[in-house]
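# Analysis of the macromolecular model
What follows is each chain in one-letter form.
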Amino acid sequence: MPGWSLVNSSPAEGRTFRRPLGISEAAFQWDCVFNGTANTIQHIQLRLLNQTDAYIFSESNITRTWVSAKRRYPLLGARVEVVNEEPHFTVQEHRLGGLNPNEVVFGEVSSAEEVERRVFQIMDGPPLSLSPDNLLARIYIFRETDRTDVIHMVTVIAHCITDAAGTYSFLRCFLDTLSSRSELPISDLEQRLAMVVAPADLRPEPSLSPARQRWRHAIGRAIHQVKTAKRQGGYTLPCRLTRSTSRVPALARVRSLGLSRDQTTAIMTNCRLNNITFGNAFLPLAQVAMTRVLYRRYLRGEIDEEEWQHRKKQPYISEGPFNLRSYLDKQWFHKGGAGEFIISSSNFFYHLPFMTLGVTAQQRRDEIILSNGAPPFANLLTFSRFLHRVGMVKQQISNFLSHPLLYEMSSPLERLERTRTGALEWSKNVEGRTTADDAEVLALADFPGTVVAHGGSSTGDIDQILPGEYPLRSTNPLSPRSNIPHPAKAGYAIPEIPDTTEDEPKIVVEDSRALLHARPAELYLGAATRHKQLDVHAFYDENVFEEAVVREWLDEVKDAAMWYLRSITCC
């Protein structure tokens, strides 16, 4: 077990294992310390298909399922402890085998709307890491008083132990176990821990000599530093940034906007016709949408000429996560590493040219044609230029992912230092001596460092990674009872023949929603398709970005998607 050490063993409490956090794990742990920043929250609404299966939603069955999931994914029950001034994961066998205080919380609600309010109360409440129980994961179960066949499941998980791939593996496991009468075998704790080592112990070139590995890391870091130094300028939505913003916990909020099935089908069809994905198109759509938001304020006089001229010259910089798993140890990946409950992702910066002004760049203000207070899309970015920018995104991703030093360039040392500094500065002012109003609002030209327009990603079709019916049918390769191997089937042994005894669905996912606790000053744009409907959402810090501005931007993103991808089917 690379990294893990047995530190204690007793007949009463079993074994205790410990390992240091990797760089990305430590960075997200400091986020967690900073008032729960970057915690991931999943809200899933479940419905029974038959009232004779009411036991499925009983407290005892939910508790059984949680304990089973912890034994299969031991980081769910881990704690972070500081040893020799360095953070370590500590996994105690006895904590995995039973229910610990405040791991599962039950409650009642009068409606789905009340659940939404509870979710935001959870987001605004004390972080997991500062609770007396020192938890890294917790689950809330809310029952609607007038619907006995429905429960709402809300999971809160620290980002230092999982990413999107790991979270969806846990959710599939939990829902499948919840709705199944049989308990599938779980490997010994040492075997499970061997699959959740730090990414550094899964590096793709383990056969290289230590000297060769050091050389690769040095070159990769040098390339990363050069790229970082070249990343200058940028712009974002109108916002309220102060010099104390990085020390003030974000007021995490989310706005969502859905498209109909017909609209979604048309958009995805046009993406295929133009040989692009919605993920490729996402950034150019967001950029031209932001241009309309900014143009509207410039024409109303809310952005002065000096700021407008500055913004016009800035590049559009966006940051997004990418899954690092397929670039790590291949044997680990195919044994379930593709879906293992661990964080194994990194970040990538996208660059697009200056603001999309199109023909308006050469026009006087009184010559500009307006549509709903801003120039129409056709005058800001033609369809051919839109496809050109989509191509730029595709090329940047291709160049990055095909680089021979991809793994070495993905080390998040700068982010570790940034999150550590932010958490420590916040800790000094946790008594309330620093607030969001203690400094003058900065002009865009005075923003420190690179100005990222927004973070974000397109998750794709959620139905493919979180199916809507459970138990999973044995014909689905992701089912633990399927004999079809799948690299994302983490924590399960592959049976020799499919087990069809649990093929009848008992519960359905009526709705699911992923939430992210934003960092200070963060604006994160996401998109996902569920039940054949596209949803666009923004997670943001309301201390910095106004809700009305974010809502306006989302409306423009939707309108841009409709204009560029719904009706135009070729270039």
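Residues numbered from 1 in each chain as written. Predicted model: local features only at pLDDT ≥ 70, side-chain atom pairs only at ≥ 80, totals over all residues. Heavy atoms only, no water.

### Focus: the overall build of the chain
A count of helices and strands for the chain gives 17 helices and 16 strands. Its C-alpha atoms give the chain a radius of gyration of 24 Å, within 12% of the compact-globule value 25 Å for 571 residues. Principal-axis analysis of the C-alpha atoms gives the chain an extent of 80 × 55 × 50 Å. Per-residue burial over the chain gives 54% buried out of 571 residues. Taking the contacts inside the chain whose residues are at least 6 apart along the sequence as the reference set, 79% of them involve residues at least 24 apart. Only carbon and sulfur atoms are counted for the fraction: they give 51% of the accessible area of the chain, which is about 24,500 Å². A distance of 5 Å separates the average location of the 64 positive side-chain charges in the chain from that of its 66 negative side-chain charges. (Helix = DSSP H or I, 4+ residues; strand = E, 2+ residues; numbered from the N terminus. Rg over C-alpha atoms; globule rule 2.2 N^0.38 Å. Buried < 20%, exposed > 50% of the residue type's maximum accessible area, 1.4 Å probe, protein only. Contact = heavy atoms within 4.5 Å. Areas by Shrake-Rupley, 256 points an atom, 1.4 Å probe, with all protein chains shown as cover. Lys, Arg positive; Asp, Glu negative; His and termini not counted. Charge placed at Lys NZ, Arg CZ, Asp CG, Glu CD.)

### As for the environment of P505
Relative to the elements of secondary structure, P505 occurs in the loop between β13 (469-470) and β14 (507-516). Taking C-alpha positions, P505 is 7.3 Å from L472, a pair spaced 33 residues apart along the chain. Other than its neighbours up to four places away in sequence, P505 contacts L49, E469, Y470, P471 and R473.

### What to know about helix α4 (residues 112-124)
With 13 residues, α4 should reach 18 Å at 1.5 Å per residue; the first-to-last C-alpha distance of 19 Å fits that figure. Where the residues of α4 are buried, they touch β3 (40-48), β6 (104-109), β7 (137-144), β8 (147-157), β9 (252-258) and β14. (Expected span 1.5 Å × (residues − 1).)

### Here we look at the packing of helix α9 (residues 278-299) against helix α17 (residues 547-565)
The geometry of α9 relative to α17 is characterised by a closest axis approach of 8 Å and an angle of 125 degrees between their N-to-C directions. As judged from the angle between their axes, α9 and α17 are oblique. α9 and α17 meet at a crossing whose hand is right-handed. Of α17, the residues touching α9 (which contributes F278, A281, L285, A286, V288, A289, M290, R292, V293, R296 and R297) are V549, E552, W553, E556, V557, A560, A561, Y564 and L565. Taken together, the residues of the contact of α9 with α17 sort by class into 15 nonpolar, no polar and five charged. (Axes fitted to C-alpha atoms, helices over the stretch in contact; angles between N-to-C directions. Parallel < 35°, antiparallel > 145°, perpendicular 65-115°, else oblique. Left-handed = near helix turned anticlockwise from the far one by under 90°. Nonpolar A, V, L, I, M, F, W, Y, C, P; charged D, E, K, R; others polar.)

### Section: helix α5 (residues 164-178)
Since the α-helix packs 3.6 residues into each turn, any two residues three or four apart lie on the same face. Under the 1.5 Å per step criterion, the end-to-end length of α5 is 21 Å for 15 residues, consistent within 8% with the ideal 21 Å. N-capping of α5 is provided by D163, with a side-chain oxygen placed 3.3 Å from the backbone N of A165. (Polar contact = N/O pair within 3.5 Å; in protein donor to acceptor, adjacent residues only side chain to side chain.)

### As for the confidence of the model for the chain
Averaged over every residue, the pLDDT of the chain is 89; residues scoring 70 or more account for 94%. Mean pLDDT across the elements of the chain ranges from a minimum in helix α15 (residues 413-428), with 71, to a maximum in helix α2 (residues 59-72), with 97. (pLDDT = per-residue confidence, 0-100.)

### Examining the packing of aromatic side chains
Considering all chains together, one arrives at 19 aromatic pairs under this definition. On the basis of an interplanar angle of 90 degrees and a centroid distance of 6.2 Å, the ring pair of W66 and F170 is categorised as edge-to-face. Residue W66 is found in helix α2, and its partner F170 is found in helix α5; the two are separated by 104 residues along the sequence. For W66, a relative accessible area of 1% corresponds to the buried category. Residue F170 is classed as buried on the basis of its relative accessible area, which comes to 0%. Joined through ring pairs, the aromatic side chains of W66, Y73, F170, F174 and F341 make up one cluster. Sitting above the plane of the F377 ring, R292 keeps its charged end 5.0 Å from the centroid. The side chain of R365 reaches across the aromatic face of Y298, ending 4.6 Å from its centre. (Phe/Tyr/Trp six-rings, centres within 6.5 Å; stacked < 30°, edge-to-face > 60°. Lys NZ or Arg CZ within 6 Å of the ring centre and 35° of its normal.)

### With respect to the side chain of T162
Within the element layout of this structure, T162 appears in the loop between β8 and α5. Not counting the four nearest positions on each side in its chain, T162 is found in contact with T40, I157, T167, F341, I342 and I343.

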